[in-house]
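# Structural characterization, general
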Amino acid sequence: MIIERKAQSAVWGLLTILILVVIAGGLVDIYRLYAARNWAYSVAQEAALAGASRGRDWDTVLNSGFIQLDQAVASTEAQNLVNSAMQARGINGYTSSIRVLPDPFGGTVSGFPPRPVRLGEGLSDWSSNEPAVGVYLEVPVQWTILDIFGIDLKTVRVFTSAGVAQ
């Protein structure tokens, strides 16, 4: 009878260890998702700032006195920063969408960002009252252990914008 109880204790101990390993793996995956979201948000912020700062149209400032953005330059600068950050981390399969509001008094872009982002409840319009660059990123995140249980690849979506004050 004592031998049977020892065997039961060993089985229960093994099952408990397996459950704790799965819980620890799940916590690691949740942390990785949180870290990936923070990193993607910082990349989007840097790209928006780069587009807004390097995309200024100085000829318009000299002629009219108002700051305006060169749409092509601002978009290219932001996209280059996103591409270099993704390449540095070895991330493939990401999606980026960049919009520029070049006019001195801003404007509105309908349906941007194209998908809801964190805490977003649906599509809306992005608007600004100054020249601005908006950056939307979708970054895939690989799971450590949750993919064993059939939870597929997770995508982090972030949006940020940067403007130029008059």
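The structure this text deals with has already been given above.
The following refers to the structure shown.

Right, let's talk about unusual backbone geometry for a bit. A cis geometry characterises the amide bond from phenylalanine 112 onward to proline 113, with omega recorded as 5°. Topologically, proline 113 is positioned in the loop between β2 (107-109) and β3 (126-128).

All right, on to the nonpolar core then. Judged by nonpolar contacts, the single largest core of 30 residues is most densely connected at Trp39, Val82, Met86, Val133, Val135 and Leu137. Of all elements in the fold, only α1 (2-54), α3 (71-89), β1 (95-101), β4 (132-141) and β5 (154-163) reach the threshold of two or more residues within this core. Broken down by element, the residue count for this core peaks at nine residues, all from α1. Listed in part, the seven residues of the second largest apolar core include Leu101, Phe112, Trp126 and Tyr136.

Quick look at the pattern of salt bridges now. Inspection of every chain in the model, using the stated rule, returns two salt bridges. Note that arginine 157 is salt-bridged to glutamate 138, the shortest N-O span being 3.5 Å. Note that arginine 157 is positioned in strand β5 and glutamate 138 in strand β4, a separation of 19 residues in sequence. In this structure arginine 157 comes out as partly exposed when scored by relative accessible area, which is 26%.

The grouping of Val11, Trp12, Leu14, Leu15 and Leu18 at the surface amounts to a nonpolar patch, some 530 Å² of accessible area in total. Counting through the fold element by element, leucine 18 comes out in helix α1. On the accessibility criterion, leucine 18 (48% relative accessible area) is partly exposed.

Mapped onto the secondary structure, threonine 160 falls in strand β5. Residue threonine 160 is classed as buried on the basis of its relative accessible area of 8%. Every residue in contact with threonine 160, bar those within four places of it in the chain, is listed here: Tyr41, Ala44, Gln45, Ala48, Val133, Gly134 and Val135.

Cut-offs applied
- For every chain, the first residue of the written sequence is number 1, and numbering continues from 1 along that sequence.
- Given that the model is predicted, a residue must reach a pLDDT of at least 70 before its local features are reported, and side-chain atom pairs must reach 80 or more before they are shown or counted; all residues, however, enter totals for whole chains, interfaces and linings.
- Water and hydrogen atoms were dropped before computing side-chain values, which therefore reflect all heavy atoms in the structure.
- Each helix is a run of DSSP H or I of at least 4 residues and each strand a run of E of at least 2, with the numbering of both proceeding from the N terminus.
- Grouping buried Ala, Val, Leu, Ile, Met, Phe, Trp, Tyr and Cys residues that are joined through side-chain atoms within 4.5 Å yields what is termed a nonpolar core.
- Relative accessibility under 20% of the residue-type maximum defines a buried residue, over 50% an exposed one, and the middle range a partly exposed one, all with a 1.4 Å probe and only protein chains included.
- We define a salt bridge as a side-chain nitrogen of Lys or Arg found within 4 Å of a carboxyl oxygen belonging to Asp or Glu.
- Candidates for patches are residues over 30% relative accessible area with no salt bridge; among them, like charges are joined within 9 Å and nonpolar side chains (Val, Leu, Ile, Met, Phe, Trp, Tyr) within 5 Å.
- Computed with a 1.4 Å probe, the accessible areas rest on the Shrake-Rupley method; for each residue, only the protein chains presented here act as cover.
- The contact definition used throughout considers only heavy atoms, calling two residues in contact when any of these lie within 4.5 Å.

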